[in-house]
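# Fold and geometry: a report
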Amino acid sequence: LHYSGKWHVSAVESPADRGWKMGAGNGKAANRSATLGIILSALHGIVLAGICVLFIRPFISMFTDSEEIAAYGLDYFYTVIAFAPVLTLGMAFEKVLQATGKMKTTMFCMAIGAVANIILDPIFISGLGAIPAMGVFGAALATGIGQSLSLISYIAVFLLAKIPVRLRLERRGEEKICRKLYYVGIPASLNLALPSFMITVLNAILAAFAEVYVLILGVYYKLQTFIYFTISGIVQGIR
């Protein structure tokens, strides 16, 4: 409490509060939250893979009556879903690094996977030298390898760079942090799922008229993502 024309009340940090802290000022909780988030993300990837395997056949049958097209879809799906834990882990590491301000680092790690995917796609799809043409399976495999390389890059950053978050667990209080993570994560996940739900409904409607309409919508949606990703990148940069 001090006087300078008017009385003011000032909050003074104790020595224990000074130094490094994240967000709300609790570095210990930040470490535990990041650790639990990464562990839960790995479990989510496994659960997601199991659930999707159960429902993929009826899901694909909603959009085509062609056995050949369905076979292509299943080939792609089973390969991609095998990398589901890799994808969810990569996203968790990415968000933890972004939360510490390492936006350039996450961009670099994502670029490693994206460039690898771009290079491997034509090689695996059409074949090159001793590598046989693998078609749809090759496209999915290239995607999985790209995601794996990004994840390896994230882990390398955590091991080699100075990150203001340390992965550690404690024996008590973890269930409370888990509840808080889900309070935030479930609404955010549902919000992210809305575009996928929308495109699924549109595909189901168009498939009743002709499969070519589904193809046209798919091409349009992919082209639209170029604009969306640009805007999303600007937003991430501002954050």
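Predicted model, so just to flag it, every value in this text is computed and none were measured.

### What to know about the packing of aromatic side chains
By convention here, two paired aromatic rings are described through the distance between centres and the angle between planes. What the rule picks out here adds up to two aromatic pairs. Their ring planes at 65° and their centres at 5.4 Å tell us that Phe77 and Tyr78 sit as a pair that is edge-to-face. When the centroid spacing of 5.0 Å and the interplanar angle of 70° are considered together, the rings of Phe93 and Phe158 count as edge-to-face. Residue Phe93 is found in helix H3 (residues 84–99), and its partner Phe158 is found in helix H5 (residues 135–160); the two are separated by 65 residues along the sequence. Taking the relative accessible area as the measure of exposure, Phe93 reaches 7% and is therefore buried.

### Let's talk about the nonpolar core
Most often, soluble globular proteins have nonpolar side chains that are buried together. Counting 22 residues, the largest nonpolar core has Leu89, Phe93, Leu97, Phe124, Phe158 and Ile163 as its most contacted members. The set of elements that each furnish at least two residues to this core consists of helix H1 (27–61), H3, helix H4 (103–126) and H5. When neighbours within four sequence positions are excluded, Phe158 is seen to be in contact with Phe93, Val96, Leu97, Ile163, Val165 and Leu167. Counting eight residues, the second-largest nonpolar core is a separate cluster that includes Ala49, Ile56, Leu74 and Ile81.

### So, the layout of surface pockets
Its boundaries defined by the atoms lining it, the second largest pocket holds a volume of some 150 Å³. Every residue lining the second largest pocket is listed: Arg57, Ile60, Ser61, Thr64, Asp65, Ser66, Glu67, Ala70, Ala71 and Leu74. Within the residue set of the lining of the second largest pocket, elements represented by two or more residues are H1 and helix H2 (67–82). Of all the elements, H2 adds the most residues to the lining of the second largest pocket, at four residues. Classifying every residue of the lining of the second largest pocket by side-chain character gives four nonpolar, three polar and three charged.

### Quick look at the pattern of salt bridges
One pass over the full model with this rule turns up one salt bridge. The salt bridge involving Lys95 is made with Glu94; its shortest N-O contact spans 3.5 Å. Overall, Lys95 belongs to the partly exposed group, its relative accessible area being 42%.

### A look at the packing of H3 against H4
Helices that pack against each other are described as a pair by the angle of their axes relative to one another and the distance between those axes. Remark: H3 packs on H4, axes separated minimally by 8 Å, with the N-to-C direction vectors making an angle of 155°. Judged on the interaxial angle alone, H4 and H3 are roughly antiparallel. Contacts from Glu94, Leu97 and Gln98 of H3 reach H4 at Met103, Thr105, Thr106 and Met110. Tallied by class, residues from the contact of H3 with H4 come to three nonpolar, three polar and one charged.

Definitions and limits used
Residues numbered from 1 in each chain as written. Predicted model: local features only at pLDDT ≥ 70, side-chain atom pairs only at ≥ 80, totals over all residues. Heavy atoms only, no water. Phe/Tyr/Trp six-rings, centres within 6.5 Å; stacked < 30°, edge-to-face > 60°. Helix = DSSP H or I, 4+ residues; strand = E, 2+ residues; numbered from the N terminus. Buried < 20%, exposed > 50% of the residue type's maximum accessible area, 1.4 Å probe, protein only. Core = buried A, V, L, I, M, F, W, Y, C linked by side-chain atoms within 4.5 Å. Contact = heavy atoms within 4.5 Å. 1 Å grid on protein atoms, 1.4 Å probe; cavity = no way out; pocket = protein on both sides within 12 Å on 5 of 7 lines; lining within 4 Å. Points joined across faces, edges and corners; volume = space filled by probe spheres on them. Nonpolar A, V, L, I, M, F, W, Y, C, P; charged D, E, K, R; others polar. Salt bridge = Lys/Arg side-chain N within 4 Å of Asp/Glu carboxyl O. Axes fitted to C-alpha atoms, helices over the stretch in contact; angles between N-to-C directions. Parallel < 35°, antiparallel > 145°, perpendicular 65-115°, else oblique.

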